[in-house]
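Report on the structure
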Number of protein chains: 2
Amino acid sequence: MDRQFAGIFSEAFMILIGLYYLRLMYENFQRYIDERVALCDAESKLVRSVAVIKKIRKRQYLLQEGDVWKYDAFVSSGCLRTYSINEKGSEHIIGFSIENWWCGDRESLLSGEPSRFNIDAIEDSELVMFTHTNFEMLCREIPAFNQMVNNILNKSFITQQNRINASLSNTAEEKYLNFVKKYPEFALRVPQNMIASYLGITPETLSRIRTQTARNKG
Amino acid sequence: MDRQFAGIFSEAFMILIGLYYLRLMYENFQRYIDERVALCDAESKLVRSVAVIKKIRKRQYLLQEGDVWKYDAFVSSGCLRTYSINEKGSEHIIGFSIENWWCGDRESLLSGEPSRFNIDAIEDSELVMFTHTNFEMLCREIPAFNQMVNNILNKSFITQQNRINASLSNTAEEKYLNFVKKYPEFALRVPQNMIASYLGITPETLSRIRTQTARNKG
DNA sequence: GAAAGCAATTGATGTAGATCAATCAGCCTT
DNA sequence: AAGGCTGATTGATCTACATCAATTGCTTTC
């Protein structure tokens, strides 16, 4: 009897912990939204009602090449990478996503074609996801939400433009130094070989660049 | 008396020709819109009422580094390039815009900061331009217009994503062959040295690639 | 706590593509 | 028709970065 009680208790406890975590994970997204737009109570509830929370472990795939991507996904904690694999079998990292970034393959999402990219977790991660249908509904129903999404898209566009410019104009060393300046968080969390891949250089070259610049600084 | 009449006549004639051209230039934009959205008469007129038509000559600047870009610009004929100049003084072409493309510097437009890019005409060109304030008004007043703009932005984002992927994954030759496949119009109209700059290779390398691939095809 | 993976470093060597330089061809100008 | 630009081609050489290979220090795993 005692034991049974303990069992029930611990089960209930686990459920509570589970709910608590879910709340935490969503709260980060809530905060992100609140910082950007002022939603009324009904609107907030609408958003919350279609949000799906997903946890994925380090090394786990969120998307595999060949699959169709159907979500809009917000990273509430952790870190993921989006990358392609070319015919020669080498990986090239298109982008990283940490807390408060979005991730996914927009091309596959909008075209309905299978993705040419892979996305996997570099750290255990937590996501707030929306099916694209729901996401479009939110954009339609909540103009301010739509406006926010638009801003994000605009910013991403600009970021990519700058990355293209950098890839054309800069040497390997310049690319790395600019990267560190622009994304110091990444430089600390992401393994060096992945940063190299993102910059379009080999891990060996990046290692040499680092020892050289460190030497020059004294 | 005769001569004076001839003068007036020819002047009126020139004005008519001028008006005719303006109509033509705008018509291309009108067609572009009509292919994408169904606007009612009042909406079409609203768009037309804030459109400004601009002609620029080959080699003329549309935007110079350091200036703030304030427009949304549609290319109704001709061809332009957007490029940056790095500290070493070398030019790098970020993008080309031909008929039915848009051009400008979104970063400067949205941030209000001076642009780091130059835009000039590769051919005599005709543009339909909107001040950003007017353009935002159109997006606000005409939901379908807003939707169209959003689609364009999404597509541009995807295009850039793919360009980044190509720049990381492909050899110079692959980049060129993909470029020709994807944008055959450009390959014909744009001088080779500019294509090289766009691809991030030197004109010499591009020339060698071309002779080699031609030889291989027999 | 040994074994197995994985990431980073360092060295030796290779190469795609850059740079430098000269020539050539097609133009616009006068 | 002649000179002057601009862009393309070709050759010789150079170099930034890649590739290959070995070593070392880690985490992860059983």
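Preceding this paragraph is the structure being described.
Residues numbered from 1 in each chain as written. Chains lettered and ligands numbered in written order. Predicted model: local features only at pLDDT ≥ 70, side-chain atom pairs only at ≥ 80, totals over all residues. Heavy atoms only, no water.

**Here's the deal with the sheet that holds strand 2 (residues 61-63) of chain B**
One open sheet accounts for 4 strands, arranged 2-7-4-5 (chain B); its pairing is antiparallel. Looking at the sheet topology across the chains shown, the edges are occupied by strand 2 and strand 5 (91-98) of chain B. Taking each pair of neighbouring strands and ignoring which way they run, the sheet shows an average axis angle of 30°. Relative to strand 7 (residues 118-121) of chain B, strand 4 (residues 79-85) of chain B runs antiparallel, the two sharing 4 bridges. Paired with Arg81(B) across the two strands is Asp120(B), which belongs to strand 7 of chain B. Contacts from helix 5 (residues 143-169) of chain A reach strand 4 and strand 5 of chain B within the one sheet, and its direction differs from that of strand 5 of chain B by about 135°. (Pairing = 2+ DSSP bridges. Helix = DSSP H or I, 4+ residues; strand = E, 2+ residues; numbered from the N terminus. Axes fitted to C-alpha atoms, helices over the stretch in contact; angles between N-to-C directions. Contact = heavy atoms within 4.5 Å.)

**Topic: the protein's contact with DNA strand C**
Neighbouring DNA strand C are 15 residues, the closest being Gln192(A), Asn193(A), Arg208(A), Thr202(B) and Thr205(B). In the model, a phosphate oxygen of DNA strand C is placed 2.9 Å from a nitrogen or oxygen of the Asn193(A) main chain. A distance of 3.0 Å separates a base oxygen of DNA strand C from a polar side-chain atom of Arg208(B). The set of elements that each furnish at least two residues to the surface near DNA strand C consists of helix 8 (192-199) and helix 9 (203-217) of chain A together with helix 9 (203-217) of chain B. With 4 residues, helix 9 of chain A is the largest single contributor of residues to the surface near DNA strand C. For the surface near DNA strand C, a count of residues per class yields 3 nonpolar, 8 polar and 4 charged. (Near = heavy atom within 4 Å. Polar contact = N/O pair within 3.5 Å; in protein donor to acceptor, adjacent residues only side chain to side chain. Nonpolar A, V, L, I, M, F, W, Y, C, P; charged D, E, K, R; others polar.)

**Side note on the packing of helix 6 (residues 172-182) of chain B against helix 8 (residues 192-199) of chain B**
Residue and element names in this part refer to chain B. Put simply, helix 6 and helix 8 touch, their axes get as near as 10 Å, and they point 115° apart. Viewed along their axes, helix 6 and helix 8 adopt a mutual orientation that is roughly perpendicular. Of the two possible hands of crossing, helix 6 and helix 8 adopt the one that is right-handed. Along the contact surface, helix 6 presents Lys175, Tyr176 and Phe179, while helix 8 presents Ile195, Tyr198 and Leu199. (Parallel < 35°, antiparallel > 145°, perpendicular 65-115°, else oblique. Left-handed = near helix turned anticlockwise from the far one by under 90°.)

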